[in-house]
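Listed here are the chains, written in short residue letters.
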Amino acid sequence: MTAIAVTIAGSDSGGGAGIQADLKSFSANGVYGASVLTALTAQNTLGVTAIQDLPEAFVRAQIDAVYSDLKVTATKIGMLSRPDVIRCVAQGLDAHETGPVILDPVMVAASGDPLLVNEAVEVLIAELLPRSDLITPNLHEAARMLNGAMAETQEDMREQAEALQKLGARAVLMKGGHGAGPESSDLLLDHNGQEHWFTAPRFETRNTHGTGCTLSSAIAAGVAKGLTLKDAVAEAKSYITKAIAAADRLAIGAGHGPVHH
Ligand code: PLP
């Protein structure tokens, strides 16, 4: 039987991140992907030039259409843009069988352009942390959710993961990719409070666009196929590490190019 995952996220017209990256990652990781669009971005590798939020009722209509027909075994959530969309997605999740929910708390594009309005961060925490089986913040996103400084050490990462769990997240994957040093370590703090570290070499490349989207979708794909969260994270980390290692072979656009094709 074909496993089915859904991405609830924004469109990146440049094809490197968002829904486009999610569907590629689902496919590469062996699951069928369906999509619920929350916002459209006019974007390329240099930046975002416009954002069009989709009406709440239309976001809900997509959720109802997809989940009422497809037997979905994992859901990934990415760009949500505004508080009303977040609330609408939260209600939509409650109304359906979504499988485990992997929330990538997307806040800014690789170009630095905002993808979530400031006042939405509190709403994201209140509405979606408790509904997620895993959240996958990078170091900037974790600091912003906690109103704190960016974690610098593994000890800081553990403290912030625990603080995010206290805010309602069941499990937390703190991604160390924005840190420094020759290696990039991610920490999975699972629902039992157990720590699992995933370490890979750090590769220097400008082509990092879509890294977070690709990773969270690969985790959702693993979970959709029935892997445990820990095994799904391990497989997804190895998949994204290979993509980052090969990213310089891609020459797409003049800015931060996509991490994979
Ligand atoms: N979602 C959309 C629609 C985006 O355009 C972006 C980045 O530009 C992201 C999510 C986050 O991208 P990344 O995977 O680089 O964190």
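Residues numbered from 1 in each chain as written. Predicted model: local features only at pLDDT ≥ 70, side-chain atom pairs only at ≥ 80, totals over all residues.

A. The arrangement of the nonpolar core in detail. Residues Ala-5, Leu-80, Val-89, Val-172 and Ile-219 are the most contacted members of the largest nonpolar core, which totals 74 residues. Beyond its immediate sequence surroundings of up to four residues, Val-172 is in contact with Ile-135, Ala-161, Leu-164, Gln-165 and Leu-189. (Core = buried A, V, L, I, M, F, W, Y, C linked by C-beta atoms within 7 Å. Buried ≥ 20, exposed ≤ 12 C-beta atoms within 10 Å, placed from the backbone. Contact = placed C-beta atoms within 7 Å.)

B. Representation of the site of the ligand in the model. Around the ligand there are 18 residues in total, and Gly-10, Ala-17, Gly-18, Ala-109 and Gly-212 lie nearest to it. Along the lines of polarity and charge, the residues of the shell around the ligand split into 8 nonpolar, 9 polar and 1 charged. (Near = placed C-beta within 6 Å. Nonpolar A, V, L, I, M, F, W, Y, C, P; charged D, E, K, R; others polar.)

C. Summary view of helix α4 (residues 120-128). Those residues of α4 lying buried are Ala-120, Leu-124, Glu-127 and Leu-128. Mapping the buried residues of α4 onto a view down its axis gives an arc of 90°, with all of them on the same face. In this structure, the buried residues of α4 make contact with β4 (74-77), α3 (83-94) and β5 (101-103). (Helix = DSSP H or I, 4+ residues; strand = E, 2+ residues; numbered from the N terminus. Arc of directions from axis to C-beta.)

D. Spatial organisation of helix α2 (residues 56-69). Given a rise of 1.5 Å per residue, 14 residues ought to cover 20 Å, and the 20 Å separating the end C-alpha atoms of α2 matches this to within 8%. Among the residues of α2, those classed as buried are Val-59, Ile-63, Val-66 and Tyr-67. Burial along α2 is one-sided: seen end-on, the buried residues are contained in an arc of 85°. The exposed set on the far side of α2, more than 90 degrees from its buried face, consists of Ala-57, Ala-65, Ser-68 and Asp-69. Looking at the packing, one finds that the buried side of α2 touches β1 (4-12), β2 (32-43) and α3. (Expected span 1.5 Å × (residues − 1).)

E. Quick peek at the packing of helix α1 (residues 18-28) against helix α7 (residues 211-224). The contact between α1 and α7 brings their axes to 8 Å, and the two run at 40°. It follows from the interaxial angle that α1 and α7 lie oblique. As for the relative orientation of α1 and α7, their crossing is right-handed in sense. Between α1 and α7, the residues in contact are Gly-18, Ala-21, Asp-22, Ser-25 and Phe-26 and Cys-213, Thr-214, Ser-217, Ala-218 and Ala-221, respectively. (Axes fitted to C-alpha atoms, helices over the stretch in contact; angles between N-to-C directions. Parallel < 35°, antiparallel > 145°, perpendicular 65-115°, else oblique. Left-handed = near helix turned anticlockwise from the far one by under 90°.)

F. Fine view of the packing of α3 against α4. In the contact formed by α3 and α4, the axes pass within 9 Å of each other and the chain directions differ by 10°. With respect to α4, the element α3 is oriented roughly parallel. Along its contact with α3, which presents Pro-83, Ile-86, Arg-87 and Ala-90, the element α4 presents Ala-120, Val-123, Leu-124, Glu-127 and Leu-128. In terms of residue class, the contact of α3 with α4 is built from 7 nonpolar, no polar and 2 charged.

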